[in-house]
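The residues making up each chain are set out below.
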Amino acid sequence: MTTTTTTDPGATDPTGETMERTTAQAPGTARPTAPHAPDAERLRRWRMVLGADSADSTGCTLTGQDAAMDGALNALYGGGAGKKPGGGRGAGGRSAGLGASAPSVARWLGDIRTYFPSSVVQVMQRDAIDRLGLAALLLEPEMLEAVEADVHLVGTLLSLNKAMPETTKETARAVVRKVVEDLEKRLESRTRATLTGALDRSARISRPRHRDIDWNRTIRANLKNCLPVPGPAGAGGEGDPGGAGGTEGRGTIVPERLIGYGRASRSAKKDVVLCIDQSGSMAASVVYASVFGAVLASMRTLSTRLVVFDTAVADLTDQLDDPVDVLFGTQLGGGTDINRALAYCQSKITRPADTVVVLISDLYEGGIRDEMLKRVAAMKASGVQFVTLLALSDEGAPAYDHEHAAALGALGAPAFACTPDLFPDVMAAAIEKRPLPIPDKETQQ
C-alpha cells in the first residue's frame, strides 16, 4: 500500500490555507481519477450531441431531464424513427421514435415544448414533418392543439387544406389566425409609417396654389437664392444693430422652386398589385404577402389588388379584409404560369404612372418565357414600377431561375430576395420611384 499526497488548489481550510488531500493506493494499480466539473460538463454535452449509438466512449450516463431531452431528440434524429415515442428514454437508451400514432406524437410535441425554447421547437417540428412524413397527422385536431404555430406550419396546413376534414378546419383556422395576428402586430405599424411618409412625399406638388405652399420646405429649398438687401447710408446706427433702421445680415429669398402640400383626396394616390406565386416552394412568401396585402388594403391612400397563381390565376382582392380567408383561398402546389398571371394583372392597370406591381416568385416559369418578358417590358414602358421578389421570407438565400432573373434585371426590373422587415422600405422606394434597396446585388448576376 502506498500513500499519495496531492494538493487541491480549490480547497481551503477555515484559515484560508490550501489543503492537502491524502489518498491510499494499492501497489501495482493505477490511481482512479474522476473528471473535474468542467470535464464532466463537456462530456455531458458531447453525449447529448452524439447520442447513445455514437457516444459510448464518453462514459457519461444521462439521468433526469437530460435523459428525457435525449429521448425527444432521438425520436426525431436517432436511428429509431418509426417506433413510438416513450420507450428508451431512460439512461443511455436511445431507441425511441415517432410512429403513426397521433397521441404518441402529441405527447412528443408536448415534451419538446417543455425542454426546448420556442425557436428550437419550431425547427424540430419542421424537421419532423419533412423527415418522418407527419403532415397527415396534422389533420387531427389534437395534433394541431399541441404544435407550436409558426409561418412554416401555416404553409404546411395550407398545402393540406383540400384534404382537411371538416372536424379539423376550425382548429386549423385558429392556428393560422394566431400566426397571422402575431405577424400583423409585428409588421403593421412600421409598414404604415413608412408607406404613409412615402405617399405624402410622392403627393407634394411643384406648382401649388398659394394656400397649398409648404413654406418651411420652400424656404429651405431656396436658401441658395438668397439676395442681400442693401440698406440706406447711415441706417442702423451703433445703438440700433439689426433694428428697424438696420438691414445688415438681411436678405430676400427668391422662390425659384415652390413646394406644396398634396391636397387631401378621398381617392387612392397609388395602385398596388401583389402577384404571388403559390407553388409549393413559396409557402412562407404566400403567408407574409397575404399579411402585407391586408395591411396595404387597410390604407385609404392605396388601392391594393392581390392575385395568386400557379397554372391558373385567382383574384383574392375581395378577401383582403381577412388575411386568413386569403390564405385558405390559396392552393399551394402545382405548376407555374407567370405569363398568364402578369397578363391578368396588366389588364387591371388603369393608371400606369401611379401603379406598383410586385411579382413574388422564384421565376421557374412553365408558361411562355418570351411573352412574360415582353409584358414586363411593356408595363415598365407605360410607367409602371415593377418589383420582382424571389422570396418574401426569413429563410435565407432562395432557389430561383437565374436566367429569368438576369433577363428581368436587363429590363430594369432587378430580382432579389426580401425579408419581411425590408418589405416596407422596398415599397416606399417603389412608390417614390427611387432606386430599390436591394440587400444583395449578387442575386442579379
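The structure presented is a predicted model; accordingly, all values stated were derived computationally and were not measured.

Student: Please clarify how the overall build of the protein chain should be interpreted in this entry.
Tutor: The helix and strand tally for the protein chain stands at 14 helices and 10 strands. Within the protein chain, the proportion of its 445 residues that are buried is 43%. When the accessible surface of the protein chain is totalled, it reaches about 22,700 Å², and 51% of it is carbon and sulfur.

Student: So what exactly am I meant to see when it comes to the sheet that holds strand 9 (residues 385–392) here?
Tutor: Each strand in a sheet pairs with another by means of backbone hydrogen bonds, the pair being arranged parallel or else antiparallel. Across the sheet, which stays open at both edges, the six strands sit in the order 7-6-5-8-9-10 with mixed pairing between neighbours. Looking at which strands have only one partner, the edges of the open sheet turn out to be strand 7 (313–315) and strand 10 (415–418). Going across the sheet, the axis of each strand differs from the next one's by a mean of 25°, ignoring polarity. Two elements, strand 6 (residues 302–309) and strand 7, share three bridges in a ladder whose sense is antiparallel. Bridge pairing links phenylalanine 309 to valine 313 in strand 7.

Student: When you look at the environment of leucine 274 in this model, what are you seeing that I'm missing?
Tutor: For leucine 274, the position within the fold is in strand 5 (residues 270–277). A residue is classified by how much of its surface remains accessible, and leucine 274, at 0% relative accessible area, is buried. Residues leucine 274 and glycine 293, spaced 19 residues apart in sequence, show a C-alpha to C-alpha distance of 7.3 Å.

Student: What is the right way to look at helix 13 (residues 402–410) in this model?
Tutor: At 3.6 residues per turn, the α-helix brings residues three or four places apart onto the same side. When we look at burial in helix 13, the residues that qualify are His404, Ala405, Ala407 and Leu408. Each buried residue of helix 13 sits inside an arc of 160° when the element is viewed along its axis, so together they form one side. Facing away from the buried side of helix 13, by more than 90 degrees, are the exposed residues Glu403 and Ala410. Summarising the contacts, the buried residues of helix 13 are in contact with helix 12 (369–381), strand 9 and strand 10. With a side-chain oxygen lying 3.0 Å from the backbone nitrogen of glutamate 403, the N-terminal cap of helix 13 falls on aspartate 401. Immediately downstream of helix 13, the backbone of glycine 412 shows phi near 85°, a positive value.

Student: Help me understand the nonpolar core, please; the structure alone is not making it clear to me.
Tutor: If you look at soluble globular proteins, the nonpolar side chains tend to sit buried side by side. Judged by nonpolar contacts, the single largest core of 83 residues is most densely connected at Trp108, Phe116, Leu138, Val358 and Phe423. Setting aside residues no more than four positions away along its own chain, leucine 138 makes contact with Ile129, Met143, Leu144, Val147, Leu153, Thr156, Leu157, Leu160 and Thr168. Counting 25 residues, the second-largest nonpolar core is a separate cluster that includes Cys275, Val307, Ile349 and Ala413.

Student: I'm lost on the packing of helix 12 against helix 13 in this one. Help?
Tutor: For any two helices packed against each other, one specifies the crossing angle of their axes together with the interaxial distance. Running from N to C, helix 12 and helix 13 point in directions that differ by 30°, and their axes come no closer than 10 Å. On the basis of the axis angle, helix 12 is roughly parallel to helix 13. Remark: the crossing between helix 12 and helix 13 carries right-handed chirality. Contact with helix 12, carried on its side by Arg369, Met372, Leu373 and Val376, involves Glu403, His404, Ala407 and Leu408 of helix 13 and no other residues of that element. Among the residues making up the contact of helix 12 with helix 13, the classes are represented as five nonpolar, one polar and two charged.

Student: What should I look at first to understand the pairing of strand 9 in this one?
Tutor: Where a strand is regular, its side chains alternate between the two sheet faces. Most of strand 9 is tucked away, with seven of its eight residues classed as buried. Pairing between strand 8 (residues 355–360) and strand 9: five bridges, direction parallel. Bridge pairing in strand 9 links valine 356 to glutamine 385. Pairing analysis gives three bridges linking strand 9 to strand 10, with the strands arranged parallel. Note that in strand 10 the partner of leucine 392 across the bridge is cysteine 418. Chirality of the crossover, the property in question, places the unit of strand 9, helix 13 and strand 10 among those that are right-handed.

Student: What should I look at first to understand the state of the cysteines in this one?
Tutor: By definition, a disulfide links two cysteine residues through a covalent bond between their sulfur atoms. Overall, the coordinates contain zero disulfides when judged by the stated rule. Free cysteine cysteine 345: the closest other cysteine sulfur is in cysteine 275, separated by 3.7 Å. Of the residues examined, cysteine 345 reaches a relative accessible area of 1% and is grouped as buried.

Student: Explain the environment of serine 298 here, please?
Tutor: If you trace the backbone, serine 298 turns up in the loop between helix 9 (283–297) and strand 6. Serine 298 gets classed as partly exposed once you look at its relative accessible area, which sits at 39%. On a C-alpha basis, the gap between serine 298 and leucine 320 in space is 8.6 Å, while along the polypeptide they are 22 residues apart. In this structure serine 298 touches Glu188 and Arg192, once residues within four positions along its chain are discounted.

Student: So what exactly am I meant to see when it comes to the confidence of the model for the protein chain here?
Tutor: Detailed reading of the predicted coordinates is not advisable wherever pLDDT falls low. Looking at the protein chain as a whole, the pLDDT averages 76, with 71% of positions reaching at least 70. In the model, residues 4–32 has pLDDT below 50 throughout and makes 34 contacts with residues more than four positions away in sequence or in other chains. In the predicted structure, residues 234–245 sits below a pLDDT of 50 and forms seven contacts with residues beyond four places in sequence or in another chain.

Student: What is the right way to look at the side chain of threonine 168 in this model?
Tutor: Structurally, the position occupied by threonine 168 is in helix 7 (residues 166–203). Here threonine 168 is in contact with Leu138, Leu139, Glu140, Pro141 and Leu144, once residues within four sequence places are set aside.

Student: Teacher, can you tell me more about unusual backbone geometry here?
Tutor: Leave glycine aside and you will find that most residues have negative phi; peptide bonds, for their part, are mostly trans. Positive phi, normally seen in glycine, also occurs at leucine 363, with a value near 70°. Turning to its location among the elements, leucine 363 is positioned in the loop between strand 8 and helix 12. Classification of leucine 363 by relative accessible area gives buried; the value is 0%. For lysine 433, which is not glycine, the phi torsion reads 60° and is therefore positive. Mapped onto the fold, lysine 433 is located in the segment after helix 14 (423–432).

Student: For this particular structure, what's the right way to read the side chain of aspartate 277?
Tutor: Inspection of the secondary structure puts aspartate 277 in strand 5. Buried charge aspartate 277 goes without a salt bridge, the closest partner of opposite sign being arginine 340 at 13 Å. Polar side-chain contacts of aspartate 277 include one of 2.9 Å to the backbone nitrogen of serine 279.

Reading guide: rules and limits
Residues numbered from 1 in each chain as written. Predicted model: local features only at pLDDT ≥ 70, side-chain atom pairs only at ≥ 80, totals over all residues. Heavy atoms only, no water. Helix = DSSP H or I, 4+ residues; strand = E, 2+ residues; numbered from the N terminus. Buried < 20%, exposed > 50% of the residue type's maximum accessible area, 1.4 Å probe, protein only. Areas by Shrake-Rupley, 256 points an atom, 1.4 Å probe, with all protein chains shown as cover. Pairing = 2+ DSSP bridges. Axes fitted to C-alpha atoms, helices over the stretch in contact; angles between N-to-C directions. Arc of directions from axis to C-beta. Contact = heavy atoms within 4.5 Å. Polar contact = N/O pair within 3.5 Å; in protein donor to acceptor, adjacent residues only side chain to side chain. Core = buried A, V, L, I, M, F, W, Y, C linked by side-chain atoms within 4.5 Å. Parallel < 35°, antiparallel > 145°, perpendicular 65-115°, else oblique. Left-handed = near helix turned anticlockwise from the far one by under 90°. Nonpolar A, V, L, I, M, F, W, Y, C, P; charged D, E, K, R; others polar. Right-handed = clockwise from strand over helix to strand, strands pointing away. Disulfide = S-S within 2.5 Å. pLDDT = per-residue confidence, 0-100. Lys, Arg positive; Asp, Glu negative; His and termini not counted. Salt bridge = Lys/Arg side-chain N within 4 Å of Asp/Glu carboxyl O.

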